Structure formats: C-alpha cells, structure tokens
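Descriptive structure summary
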Amino acid sequence: MIAVAVLLLPALGVLLYAMDRIENRLSASPSAARDACKRHLRLVRNAGPSATERSPAAQNGRRIEAA
C-alpha cells in the first residue's frame, strides 16, 4: 500500500506537468505566418500570350463561344 502511494505521487506530478504544457500549447496564440514568397516555386517563367490572344478569332475581334 505504501509502495503504491510512493509511486502514485510522482506519476501524478508528471501527469499534471504534461497536461499543463499541453494546455498552454493549445491555448497560445498562433505564431506569425512565415513569408512564403521567399521559397515560392515558379514553374513557368514567361508564359507569353494566352491561347485566346493567339487565336485568329481573337485577332479579328470576334468572340469564341463554346458549344
């Protein structure tokens, strides 16, 4: 019985400490967002004119409608 009491006290202390740390982490305000532009991956450097600008109908001023 004494062994259980001696082992239970440190176990409850560790549990209390862990729960306190978890609670502080969950209730803390979020950290500032990192700037993603520094690591932005640019796959297409210069796309050029779009497909509608290159089409003959767009050059004549007519509008292309999908059927």
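Residues numbered from 1 in each chain as written. Predicted model: local features only at pLDDT ≥ 70, side-chain atom pairs only at ≥ 80, totals over all residues. Heavy atoms only, no water.

**Remarks on the overall build of the chain**
Defined as follows: Numbering of helices and strands runs from the N terminus; a helix is a DSSP stretch of H or I covering at least four residues, while a strand is a stretch of E covering at least two. The buried label applies to any residue whose accessible area, calculated with a 1.4 Å probe on protein chains only, is under 20% of its type's maximum; exposed applies above 50%, and partly exposed to all values in between. Residue-level accessible areas treat just the shown protein chains as cover; the underlying method is Shrake-Rupley with a 1.4 Å probe.
Looking only at helices and strands, the chain features three helices and zero strands. Beginning at the N terminus, the succession of helices and strands in the chain can be written as α-α-α. Residues classed as buried in the chain amount to 3% of the 67 residues present. Accessible surface, the chain: about 7200 Å² in total, of which carbon and sulfur atoms supply 61%.

**Description of helix α1 (residues 2-27)**
Let me state the cut-off plainly: How far a helix is expected to stretch is found by multiplying one less than its residue total by 1.5 Å.
In a regular helix each residue adds 1.5 Å, so 26 residues correspond to 38 Å; α1 covers 38 Å between its end C-alpha atoms and thus fits that length. Little of α1 is tucked away, with zero of its 26 residues classed as buried.

**A word on a nonpolar patch on the surface**
To keep it simple, the criterion reads: What makes a patch is a set of residues exposed beyond 30% relative accessible area and free of salt bridges, joined within 9 Å when like-charged and within 5 Å when nonpolar (Val, Leu, Ile, Met, Phe, Trp, Tyr). The salt bridge definition used is simple: a Lys or Arg side-chain nitrogen within 4 Å of an Asp or Glu carboxyl oxygen.
Taken together, the side chains of Val4, Leu8, Leu12, Leu15, Met19, Ile22 and Leu26 present a nonpolar region at the surface, about 710 Å² in accessible area. Here isoleucine 22 shows up in helix α1.

**Comments concerning the confidence of the model for the chain**
In plain terms, the rule: For every residue, the predictor assigns a confidence score, pLDDT, that lies between 0 and 100.
On average, residues of the chain score 75 in pLDDT, and 49% of them reach the 70 mark or higher. For the chain, helix α3 (residues 56-59) is the element with the lowest average pLDDT, namely 56, and α1 is the one with the highest, namely 93.

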